[in-house]
Amino acid sequence: MQPILQTKQLCHTYSSGTPFEHTALDRVDFRIERGEFLGIIGHTGSGKSTLIRHLNALLRPSAGQVLLDGEDIWKDKAFTRQARFRVGLVFQYPEYQLFEETVYKDIAFGPKNMGLEAREVDRRVREALGFVGLGEELLEKSPFDLSGGQKRRVAIAGVIAMEPEVLILDEPTAGLDPAGCEAILENIRAFQRSKGAAVVMVSHSMEEVAANVRRLVVMDHGRIFADGSPTEVFARAEELRAIGLTIPQVTEVFRRLRALGLDLPAVYTTGQAKAAILARRGAGTC
């Protein structure tokens, strides 16, 4: 089946032809399958932010293509505009982009720009608010009167209200406490389950990607370093360290325990670790 979104030999060079020229993406072949939950990790400057900004036409390639349903998103102005609605991008700290007088107007901004009828806009606003776990009593409040976590949710709701086929989130839990992180991630999972959208999450948290994504892409110096399941990627611990990345803390703990002679499996989430420990207790080996 054709991927919903893919890049072919994608290149991007900043400040081309100047002393500050920098190649951020170098012949990247990348795909997003319909309905999948994909993670992207990489050290600062690896190219991951540049990559995701190409996926909804915020940046134009220096060379190569970005294909949405097999069509170049830059083929004409109408299709480029359509792509920006079909591929939703939530920036890091999206609450700083809130600007309307009320929560309702902020969430409705995208759907209105799509040219939807008022009744459909209203449905999407209320449904999106529900996906992010907020009540309708907030709709007439100023977004600037909300807590930091509520602002983050409203900003995400504004993108969800466009019902994108691909939802891309750049560090969606940055700056939140553990409870806030899990709440945001559950909101995202609820949207994906309900709409069948593909979700792409850029994160510096190895624990988050290990617990949530089915596929993990590692960027390094503008190229794809690894692409596989979290199990496959984190099994390459020494290679990841060599490019400035870590592995989940629980994975490192279990690696050290195995080095001490304990018969333990490789784990990548706390849930897997709990199951492994309980299995050993049940077998009478703890």
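It should be noted that the structure appears before, not after, this text.
A brief structural summary. (Residues numbered from 1 in each chain as written. Predicted model: local features only at pLDDT ≥ 70, side-chain atom pairs only at ≥ 80, totals over all residues. Heavy atoms only, no water.)

**Thoughts on helix H5 (residues 148-160)**
Part 1: Compared with an ideal rise of 1.5 Å per residue, which puts 13 residues at 18 Å, H5 spans 19 Å between its outermost C-alpha atoms and is within 8% of the ideal.
Part 2: Buried within H5 are the following residues: Arg-152, Arg-153, Val-154, Ala-155, Ile-156, Ala-157, Gly-158, Val-159 and Ile-160.
Part 3: Against strand S6 (87-90), helix H3 (103-113), helix H4 (118-131), strand S7 (166-170) and helix H6 (178-195) lie the buried residues of H5. (Helix = DSSP H or I, 4+ residues; strand = E, 2+ residues; numbered from the N terminus. Expected span 1.5 Å × (residues − 1). Buried < 20%, exposed > 50% of the residue type's maximum accessible area, 1.4 Å probe, protein only. Contact = heavy atoms within 4.5 Å.)

**Some remarks on the pattern of salt bridges**
Part 1: Enumeration according to the criterion identifies 31 salt bridges in this entry.
Part 2: A salt bridge links Glu-182 to Arg-189, with the shortest nitrogen-to-oxygen separation between them at 2.5 Å.
Part 3: By relative accessible area, which is 41% here, Glu-182 ends up partly exposed.
Part 4: Put simply, Glu-120, Arg-123, Arg-124, Glu-127, Glu-163 and Lys-195 are held in one network by salt bridges that share partners. (Salt bridge = Lys/Arg side-chain N within 4 Å of Asp/Glu carboxyl O.)

**So, the environment of Leu-98**
Part 1: Inspection of the secondary structure puts Leu-98 in the loop between S6 and H3.
Part 2: On a C-alpha basis, the gap between Leu-98 and Ala-237 in space is 39 Å, while along the polypeptide they are 139 residues apart.
Part 3: If sequence neighbours within four positions are ignored, Leu-98 has contacts with Asp-106, Pro-143, Phe-144, Lys-151, Val-154 and Ala-155.

**As for the packing of H3 against H4**
Part 1: Packing of H3 against H4 leaves a shortest axis separation of 9 Å and a crossing angle of 120°. Regarding the angle of H3 to H4, the classification is oblique. In the crossing of H3 with H4, the sense of the turn from one axis to the other is right-handed. Of the residues in H4, those in contact with Val-103, Tyr-104, Ile-107, Ala-108, Pro-111 and Lys-112 of H3 are Val-121, Asp-122, Val-125, Arg-126, Ala-128 and Leu-129.
Part 2: Partitioning the contact of H3 with H4 into residue classes produces 9 nonpolar, no polar and 3 charged. (Axes fitted to C-alpha atoms, helices over the stretch in contact; angles between N-to-C directions. Parallel < 35°, antiparallel > 145°, perpendicular 65-115°, else oblique. Left-handed = near helix turned anticlockwise from the far one by under 90°. Nonpolar A, V, L, I, M, F, W, Y, C, P; charged D, E, K, R; others polar.)

**Looking at unusual backbone geometry**
Part 1: For Glu-163, which is not glycine, the phi dihedral falls at a positive 50°.
Part 2: By the element assignment, Glu-163 lies in the loop between H5 and S7.

**Here's the deal with the nonpolar core**
Part 1: Counting 51 residues, the largest nonpolar core has Ile-107, Ile-160, Leu-167, Val-218 and Phe-234 as its most contacted members.
Part 2: Ranked by residues supplied to this core, first place goes to H5 with 6 residues.
Part 3: Sequence-distant contacts of Val-218, defined by excluding residues within four places in its chain, comprise Ile-41, Arg-223, Ile-224, Phe-225, Ala-226, Val-233, Leu-240, Ile-243 and Leu-245.
Part 4: Of all hydrophobic cores here, the second largest spans 27 residues; its members include Ile-4, Phe-30, Ala-83 and Val-202. (Core = buried A, V, L, I, M, F, W, Y, C linked by side-chain atoms within 4.5 Å.)

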